[in-house]
Amino acid sequence: MDVIELSWWQLAMAAALVLALAICVYWARLGVGNSLLLAATRTAVQLTLVGFVLEALFAVGKPLWIALMGLAMLLLAGREVMARQNYRLRGGWGFAIGTVAMFVSAFSVTVLTLIVVIGPTPWYSPQYAIPLLGMLLGNTMTGIALALDRLTESVRRERQQVEGRLMLGQTWREACGELRRDAMRSGLMPIINAMAAAGIVSLPGMMTGQILSGTAPALAVKYQILIMFTIAAGTGFGTFLAVSVASRRLFDGCERLRLDRLTAS
Amino acid sequence: MGKKALAAGKLTLDRIKAGDLEPVSETIDPGEIVCLSGPSGSGKSRLLRAVADLDPHEGSVSIAGESQQDLRGHRWRRAVTMVPAESAWWFDTVGEHLPGPMTEALDQLGFKAETLDWSIDRLSSGEKQRLALVRALAHQPRALLLDEPTANLDPDATRETEQWLCKVIRERALPTLWVAHDREQIARVADRHLHIEGDRLVKTSGDKD
């Protein structure tokens, strides 16, 4: 079964709904009318462009171009992680920690899944590699950004507690242990919630998409389970890594708390 | 508590530069209480924080010949323990913050055994301050840095706490740097008194023989 073709005028009807909403938003003076229209426009433009890129990429199928695409996605995700933190580490650390953590977790889990689990030929085949990497990066990004934001925010707020613990001769690890665990927890919560609610409250997007495009639901479900598990692993390990490195960076070699290494963004 | 034979030693500050103060060099003998006073914002707390190695600073400090640079941060602070003016508490009950029951110390400060089960939320600021002293001394430090240890106490509790502190400091031969405001208190407890004037420490004589 082939998916029903969508034409531009059909999309325009959906756009009309957004326009109607925008008019209501203006009328109710919510002050987000412009943001709504801008975001809707961005969605259309960005997704159209990425569609062209993917079509070109699928047509070429060269590993170099796929790797470049992956790198670009990684760097954009790293920038997004940094932008989502109210207080971030100075001097490139804010960007580097998130990006490296996503590289280590999301990239390795993607490659592992491609080679060991799915096994397309070639293993880097863009039709599998790019969507998988995209979903992993997107979720890992959310987890890491939440965790790092929680960590820096809580260390700033709980400065007295952390320094009080240091004064009693606790190591830096003991002094911020509870805050580290909190931060890691908050990074893991979205995927735990998503897994717990999957299929009951929400039908995950990828599965829905596959079913719409004619895949048998049983197979779509298997793919969705695979994706959920890999996202959990990628997010979890990425969060662990990012929080470990960032919390170490909040203390110096003499185990002093160094809030001066944070900057408000 | 206090039965372990710990090597008593001098606390030596060598050209410690903290905040806007001129570099400070002082030697505090075992069991000696040196009071530090000065207008607020003059850098008393910052000096204590530098000695406890909580802030980056210039100069060196040593306890019984062991230098700050040679010890890892937490080892240093376990030896040279600072008690801040505002103490932090992170568990639910008092007892969870203490390494042992600390019966003797609690008793001498007017607390009872059930104090250990008290919730942190119901502590007054004065109780917190005294329990913070008990907690700090429970970890067997080799030198004490006290930042206004009786600031939130009424006159009776102030006297009681002072006497207890002085007794413990002498018994365990702890070199002590004690930030205080009250002249009478300084006269009661200090072996020496340093006052901050402008950006330098001035020795005040005649407080106590």
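Residues numbered from 1 in each chain as written. Chains lettered and ligands numbered in written order. Predicted model: local features only at pLDDT ≥ 70, side-chain atom pairs only at ≥ 80, totals over all residues. Heavy atoms only, no water.

If you check an unreviewed UniProt entry, chain B appears there as ABC transporter ATP-binding protein from Microbulbifer flavimaris.

An unreviewed UniProt entry lists chain A under the name Iron export ABC transporter permease subunit FetB, with Microbulbifer flavimaris given as the organism. In its Sequence similarities (unreviewed entry) section, the UniProt entry covering chain A states "Belongs to the UPF0014 family." (UniProt positions renumbered as here; feature names shortened; annotations may be inferred.)

All right, on to the pairing of strand E8 (residues 176-179) of chain B then. Side-chain positions along a regular strand alternate between the two faces of the sheet. Residue and element names in this part refer to chain B. Along E8, one buried face is formed by Thr176 and Trp178 and the opposite face, lined by Leu177 and Val179, is buried too. Examined bridge by bridge, strand E3 (residues 33-37) and E8 share four bridges and lie parallel to one another. Bridge pairing in E8 links cysteine 35 to tryptophan 178. In the sheet, strand E7 (residues 143-147) pairs with E8 via four bridges, with the strands oriented parallel. Across the sheet, the residue bridging to aspartate 147 is valine 179, located in E8. (Buried < 20%, exposed > 50% of the residue type's maximum accessible area, 1.4 Å probe, protein only. Helix = DSSP H or I, 4+ residues; strand = E, 2+ residues; numbered from the N terminus. Pairing = 2+ DSSP bridges.)

Residues and elements named next belong to chain A. You can read the domains of chain A as domain 1 (1-60) and domain 2 (61-264). On a C-alpha basis, the centres of domain 1 and domain 2 stand 28 Å from each other. The partner domain 2 presents 11 residues to the nine residues of domain 1 that form the contact. In total, about 790 Å² of surface goes out of reach between domain 1 and domain 2, with carbon and sulfur atoms giving 77% of it. For the interface between domain 1 and domain 2, the tally reads two residue pairs in polar contact (both at pLDDT 80 or more). By residue class, the composition of the side of domain 1 that touches domain 2 is nine nonpolar, no polar and no charged. (Domains from an automatic or database assignment. Contact = heavy atoms within 4.5 Å. Buried area = accessible area lost by both parts, 1.4 Å probe. Polar contact = N/O pair within 3.5 Å; in protein donor to acceptor, adjacent residues only side chain to side chain. Nonpolar A, V, L, I, M, F, W, Y, C, P; charged D, E, K, R; others polar.)

Listed by partner, the interface residues are 16 residues for chain A and 21 residues for chain B. Summing both partners gives a buried area of about 1800 Å² for chain A against chain B, and 54% of it is carried by carbon and sulfur. By the criterion of area lost to chain B, the three top residues of chain A are Met167, Leu168 and Arg256 of chain A, representing 41% of everything that side buries. Counting across the interface, chain A meets chain B through three salt bridges. For aspartate 53 of chain B, the salt bridge identified is with arginine 256 of chain A, shortest N-O distance 2.7 Å. In this assembly, chain A and chain B are joined by nine residue pairs in polar contact (both at pLDDT 80 or more). (Salt bridge = Lys/Arg side-chain N within 4 Å of Asp/Glu carboxyl O.)

Residues and elements named next belong to chain A. A complete count under the given rule lists 23 salt bridges over all chains for this structure. A salt bridge links glutamate 153 to arginine 157, with the nearest nitrogen and oxygen atoms 3.3 Å apart. You can see glutamate 153 and its partner arginine 157 sitting in helix H5 (residues 126-157), four residues apart, about one turn around the helix. Judged by its relative accessible area of 29%, glutamate 153 falls in the partly exposed class.

Before going further, it helps to examine the sheet that holds strand E4 (residues 58-63) of chain B. Hydrogen bonding along the main chain pairs the strands of a sheet, whether they run parallel or antiparallel. Residues and elements named next belong to chain B. Strand order in the open sheet formed by four strands is E2-E1-E4-E5, with antiparallel pairing between adjacent strands. What marks the edges here is a single partner per strand, and that holds for strand E2 (24-28) and strand E5 (66-67). Against the sheet, helix H1 (residues 44-51) makes contact with strand E1 (11-17), E2 and E4, and its axis sits at roughly 115° relative to E1, the strand it touches most. (Axes fitted to C-alpha atoms, helices over the stretch in contact; angles between N-to-C directions.)

Residue placement: arginine 77 of chain B occurs in helix H2 (residues 73-79). In contact with arginine 77 of chain B, not counting residues within four places along its chain, are Leu166, Met167, Gly169, Cys254, Glu255 and Arg256 of chain A together with Ala52, Asp53 and Leu54 of chain B.

Let us look at the UniProt feature "transmembrane region" (unreviewed entry) in chain A. Summarizing the sequence annotation, UniProt attributes the feature "transmembrane region" (unreviewed entry) to residues 6-28, 64-81, 93-116, 128-148, 191-213 and 225-246 of chain A in the numbering used throughout. In residues 225-246 of chain A, helix accounts for 100% and strand for 0%; the two terminal C-alpha atoms are 31 Å from one another.

Before going further, it helps to spend a moment on the packing of aromatic side chains. Scanning the model with the defined rule gives five aromatic pairs over all chains in all. Each ring, one from phenylalanine 103 of chain A and one from phenylalanine 107 of chain A, has its centre 5.0 Å from the other, and the planes form 40°; the classification is tilted. Taken together, the positions of phenylalanine 103 of chain A and phenylalanine 107 of chain A, both in helix H4 (residues 93-118) and four residues apart, correspond to about one turn of that helix. Using a relative accessible area of 44% as the deciding quantity, one classes phenylalanine 103 of chain A as partly exposed. Each ring, one from tryptophan 123 of chain A and one from tyrosine 124 of chain A, has its centre 5.7 Å from the other, and the planes form 80°; the classification is edge-to-face. Its relative accessible area of 39% is what places tryptophan 123 of chain A among the partly exposed residues. Note on tyrosine 124 of chain A: relative accessible area 24%, which makes it partly exposed. A cation over an aromatic ring shows up here: arginine 122 of chain B above the ring of tryptophan 118 of chain B, its NZ or CZ 4.4 Å from the ring centre. When the ring centre of tryptophan 89 of chain B is taken as origin, the NZ or CZ atom of arginine 135 of chain B, which lies over that ring, is 4.0 Å away. (Phe/Tyr/Trp six-rings, centres within 6.5 Å; stacked < 30°, edge-to-face > 60°. Lys NZ or Arg CZ within 6 Å of the ring centre and 35° of its normal.)

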